[in-house]
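# Summary of the model geometry
As a plain string of letters, each chain reads:
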Amino acid sequence: ARAGQQYNQMATNPYATQAFMNPYVQASLQPQLNAIAQQGNIAAQQAASGATGQGAFGGTRSALAQNLAQQNALMAQQQAIGQGYNQAYNQAQQAMQYGAGLGLQGAQAGIAGAGQLANIGGQQLGSQQSIANLQMFQTVQQNYLVS
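Summary of the structure given here. Source: prediction; values computed, not measured.

## Quick notes on the overall build of the chain
Helix and strand counts for the chain come out as 4 helices and 0 strands. Helices and strands appear in the chain in the N-to-C order α-α-α-α. By the burial criterion, 17% of the 147 residues in the chain qualify as buried. A fraction of 74% describes how many contacts in the chain between residues 6 or more apart in sequence connect residues 24 or more apart. Approximately 11100 Å² of the chain is accessible, and the part contributed by carbon and sulfur atoms is 56%.

## Thoughts on the environment of alanine 47
Mapped onto the fold, alanine 47 is located in helix H3 (residues 25–53). Residue alanine 47 is classed as buried on the basis of its relative accessible area, which comes to 18%. With 14 residues separating them along the chain, alanine 47 and arginine 61 place their C-alpha atoms 9.3 Å apart. In contact with alanine 47, other than residues within four places in its own chain, are Ala65 and Gln66.

## Structural notes on the side chain of glutamine 77
Its location among the elements puts glutamine 77 in helix H4 (residues 60–146). By relative accessible area, glutamine 77 is classed as buried at 15%. For glutamine 77, the residues in contact, after removing those within four places along its chain, are Leu33, Ile36 and Ala37.

## Topic: the nonpolar core
Of all hydrophobic cores here, the largest spans 9 residues; its members are Met21, Val25, Leu29, Leu33, Ile36, Ala73, Ala80, Ala88 and Ala92. When contributions to this core are tallied by element, the ones reaching two or more residues are H3 and H4. Not counting residues up to four positions away in its chain, the partners in contact with leucine 29 are Ala80, Ile81, Gly84 and Tyr85.

What counts as what
Residues numbered from 1 in each chain as written. Predicted model: local features only at pLDDT ≥ 70, side-chain atom pairs only at ≥ 80, totals over all residues. Heavy atoms only, no water. Helix = DSSP H or I, 4+ residues; strand = E, 2+ residues; numbered from the N terminus. Buried < 20%, exposed > 50% of the residue type's maximum accessible area, 1.4 Å probe, protein only. Contact = heavy atoms within 4.5 Å. Areas by Shrake-Rupley, 256 points an atom, 1.4 Å probe, with all protein chains shown as cover. Core = buried A, V, L, I, M, F, W, Y, C linked by side-chain atoms within 4.5 Å.

Here is the structure:
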């Protein structure tokens, strides 16, 4: 029960969840974010080239096309970040569940061990009572024979 309570407290505490998250999420996302930014820059340059080829460089259409390319790149970056952190969060949840499961298994093993010790203690008490009864019987028998 205690392991379950600890898991519940950890699962609802954002700091505990973050402690189980991969600390290198940002570093692992950075190459993907760089590639998306590069693709966005290429798309913006292509929009500017297309506008220049049509003699519209510096116009509203050119600016809109470049802004749209940048917006698409930013949206792709945000999506990659969201997916990366979502995956890290899910893995942290699994790690916490695994840790709670280990705690529960440890508690169950402790309870089983305590039960075994109780059985051994009961057996020892029974043996001592048998010995005491046997000694008392021998004493009574000796007293009867002497008298």
